[in-house]
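Overview (structure and organization)
Residues per chain are reported as follows:
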Amino acid sequence: MGNRATHPGWWGHDIAGVCQAHAQFSCWNTNDPNREKLLTVTDSDMQFREALALASCLVKGCLPDLTGAADHYYDWRGQRPRWAQDRFYKCTIGYHRFYRVGLRGDGT
C-alpha cells in the first residue's frame, strides 16, 4: 500500500485510493465477510488503535520496508496469478509473496 501510494498509478493516488481501488484489497469487496467488521470498527478496539498507530508510522516514513519496495503480493497457498509470471520477485513473508510489478525493478 505504501509503495503504491508513493508512486501514484492505476491503483490510486493516495493511501485511501490505493486501499479502496477495485479488486485490490478484498476487505473492501461488498461480499467479503470482513467488510462489516471494517465498517463498524471504532477506536475503542485495541487492535484498531494499534493499526492506526502503525499507519501513522507508515505515513511518516518511520517503518522499514520489509517487502523490498514491492507493489503487489499474493497468498502462495492459492493459485499463482498471471501477473506474477516473470516479474520482480522481492520476498516471502508468511503466506504472502511480494513482487514489484507496476514499477521498474530498480524502484522507479
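Criteria and thresholds
Residues numbered from 1 in each chain as written. Predicted model: local features only at pLDDT ≥ 70, side-chain atom pairs only at ≥ 80, totals over all residues. Heavy atoms only, no water. Helix = DSSP H or I, 4+ residues; strand = E, 2+ residues; numbered from the N terminus. Contact = heavy atoms within 4.5 Å. Areas by Shrake-Rupley, 256 points an atom, 1.4 Å probe, with all protein chains shown as cover. Phe/Tyr/Trp six-rings, centres within 6.5 Å; stacked < 30°, edge-to-face > 60°. Expected span 1.5 Å × (residues − 1). Polar contact = N/O pair within 3.5 Å; in protein donor to acceptor, adjacent residues only side chain to side chain. Pairing = 2+ DSSP bridges. Axes fitted to C-alpha atoms, helices over the stretch in contact; angles between N-to-C directions.

1. What about the overall build of the protein?
- Scanning the protein for helices and strands turns up four helices and three strands.
- When its helices and strands are written in sequence order, the protein yields α-α-α-α-β-β-β.
- If you take every contact in the protein between residues at least 6 apart in sequence, the share linking residues at least 24 apart comes to 35%.
- Taken as a whole, the protein presents about 7,800 Å² of accessible surface, with 56% of it coming from carbon and sulfur.

2. Structural notes on the packing of aromatic side chains
- A complete count under the given rule lists seven aromatic pairs for this structure.
- When the centroid spacing of 6.3 Å and the interplanar angle of 45 degrees are considered together, the rings of F25 and Y73 count as tilted. On the criterion of sequence distance, the pair formed by F25 in the loop between helix 2 (15-20) and helix 3 (35-40) and Y73 in strand 1 (residues 72-75) is long-range, its members being 48 residues apart.
- Note on Y89 and Y99: the rings are 5.5 Å apart at their centroids and 75 degrees apart in plane angle, and the pair reads as edge-to-face. On the criterion of sequence distance, the pair formed by Y89 in strand 2 (residues 88-93) and Y99 in strand 3 (residues 96-100) is long-range, its members being 10 residues apart.
- An aromatic cluster is built from Y74, W83, Y89 and Y99, whose rings are joined through pairwise contacts.

3. Some words on helix 4 (residues 46-60)
- In this model helix 4 runs 21 Å from its N-terminal to its C-terminal C-alpha over 15 residues, within 8% of the 21 Å that 1.5 Å per residue would give.
- With a side-chain oxygen positioned 2.8 Å from the backbone nitrogen of Q47, the residue opening helix 4 is D45.
- G61 lies just past helix 4 and shows a positive phi near 80 degrees.

4. Quick look at the sheet that holds strand 2
- Reading across from one edge, 1-3-2 is the order of the three strands in this open sheet, with antiparallel pairing throughout. Both outer strands of the open sheet, strand 1 and strand 2, are each paired with one neighbouring strand and no more. Strand-to-strand twist across the sheet, computed as the mean angle between neighbouring axes with direction ignored, equals 25 degrees.
- Relative to strand 3, strand 2 is paired through five bridges, and the arrangement is antiparallel. In the strand pairing of strand 3, F88 is matched with R100.

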